[in-house]
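Read off the chains here:
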Amino acid sequence: TSRISRTSSHDIWTIFTDFSAAARVSLGAEYLPLRDLSHVIEAATIGLQPARMRVDNLIIYTIAILLLRDALLNTLGRKWTTELCVLLFALHPVHVESVAWIAGRKDVLALCFTMAMLWAWCKEEGRSVGWSLFFYTCALLSKSMSVAAIVLLPVFDLVAQRRFAWRSLLLFLIPAVAIMPLH
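Just so it is clear, the structure is predicted and the values come from calculations on it, not from any experiment.

Caption draft 1: Representation of the overall build of the protein chain in the model. A tally of regular secondary structure across the protein chain gives 11 helices and 0 strands. For the protein chain, the sequential pattern of α-helices and β-strands runs α-α-α-α-α-α-α-α-α-α-α. The C-alpha radius of gyration computed for the protein chain amounts to 17 Å, which stays within 12% of the reference 16 Å derived for 183 residues, consistent with globular compactness. Projecting the C-alpha coordinates of the protein chain onto the three principal axes gives extents of approximately 50 × 35 × 25 Å. Of all intrachain contacts in the protein chain linking residues separated by at least 6 positions in sequence, the fraction that spans at least 24 positions is 65%. For the protein chain, the exposed area adds up to about 9800 Å²; of that, 70% sits on carbon and sulfur atoms. Charged side chains in the protein chain number 17 positive and 13 negative. The centres of these two groups are separated by 4 Å.

What follows is the structure in structure tokens.
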């Protein structure tokens, strides 16, 4: 928490580049720079207030749900089916702990970036591979399990009955291969 409560550019640089055991232990032993950066931003703006940090988790979660809703609307095209799916997903008890628990920030951020990846992939005006790749990389920098998120891309294309861009999937392997060893 000492690195989180300070906001010098050196400490932010350390979050992304220092792989020493001491730095990793002080940051939670995992390489999750976007999670750590989000806490640094909170410490600088509102202080380390647990109630406010929980509200921030809820805000990030709400954004993720809205992004999922838009991706599903663009994929399914059926409003009632989308609304039911989003409602069930949003209210599922598995999300409660991550949203309510400050240490669950990595889960909430990874979910938000994964939903942003799907949103960019399923845009009404056509897929945005660049933005999808950017959001996927952000998800990887938030939680290592996000590596599995690329499986969602062909699933959404299959449901939307559109041709999957296999060459684009190869681009997604680049950040996965580069970032996973850091975790």
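Caption draft 2: View of the side chain of Asp56. Position of Asp56 relative to the elements: it lies in helix H5 (residues 50–76). Residue classification places Asp56 among the buried positions, given a relative accessible area of 12%. When sequence neighbours within four positions are dropped, the list of residues in contact with Asp56 reads Glu42, Ile46 and Arg105.

Caption draft 3: Region of interest: the packing of aromatic side chains. Summed over all chains, the structure comprises 8 aromatic pairs. Judged by centre distance (4.5 Å) and plane angle (80°), the rings of Phe164 and Trp166 are edge-to-face.

Caption draft 4: Representation of the packing of H5 against helix H6 (residues 79–91). It is the contact of H5 with H6, at a shortest axis distance of 9 Å, that shows an interaxial angle of 150°. Viewed along their axes, H5 and H6 adopt a mutual orientation that is roughly antiparallel. When you trace H5 past H6, the crossing you get is right-handed. Residues Tyr61, Ile65, Leu68, Arg69, Leu72, Leu73 and Leu76 of H5 form the contact with H6, whose participating residues are Lys79, Thr81, Thr82, Glu83, Cys85, Val86, Phe89 and Ala90. Per-class residue counts for the contact of H5 with H6 are 10 nonpolar, 2 polar and 3 charged.

Caption draft 5: Summary view of the nonpolar core. Formed by 42 residues in total, the largest nonpolar core has its most connected members in Met117, Tyr136 and Phe172. Of all the secondary structure elements, the ones that give two or more residues to this core are H5, helix H8 (105–121), helix H9 (129–140), helix H10 (152–159) and helix H11 (166–179). Per-element tally for this core: the top contributor is H8, with 11 residues. Dropping the residues within four chain positions of it, Tyr136 is found in contact with Met117, Ser146, Val147, Ala149, Ile150, Phe172, Pro175 and Ala176.

Rules of the game
Residues numbered from 1 in each chain as written. Predicted model: local features only at pLDDT ≥ 70, side-chain atom pairs only at ≥ 80, totals over all residues. Heavy atoms only, no water. Helix = DSSP H or I, 4+ residues; strand = E, 2+ residues; numbered from the N terminus. Rg over C-alpha atoms; globule rule 2.2 N^0.38 Å. Contact = heavy atoms within 4.5 Å. Areas by Shrake-Rupley, 256 points an atom, 1.4 Å probe, with all protein chains shown as cover. Lys, Arg positive; Asp, Glu negative; His and termini not counted. Charge placed at Lys NZ, Arg CZ, Asp CG, Glu CD. Buried < 20%, exposed > 50% of the residue type's maximum accessible area, 1.4 Å probe, protein only. Phe/Tyr/Trp six-rings, centres within 6.5 Å; stacked < 30°, edge-to-face > 60°. Axes fitted to C-alpha atoms, helices over the stretch in contact; angles between N-to-C directions. Parallel < 35°, antiparallel > 145°, perpendicular 65-115°, else oblique. Left-handed = near helix turned anticlockwise from the far one by under 90°. Nonpolar A, V, L, I, M, F, W, Y, C, P; charged D, E, K, R; others polar. Core = buried A, V, L, I, M, F, W, Y, C linked by side-chain atoms within 4.5 Å.

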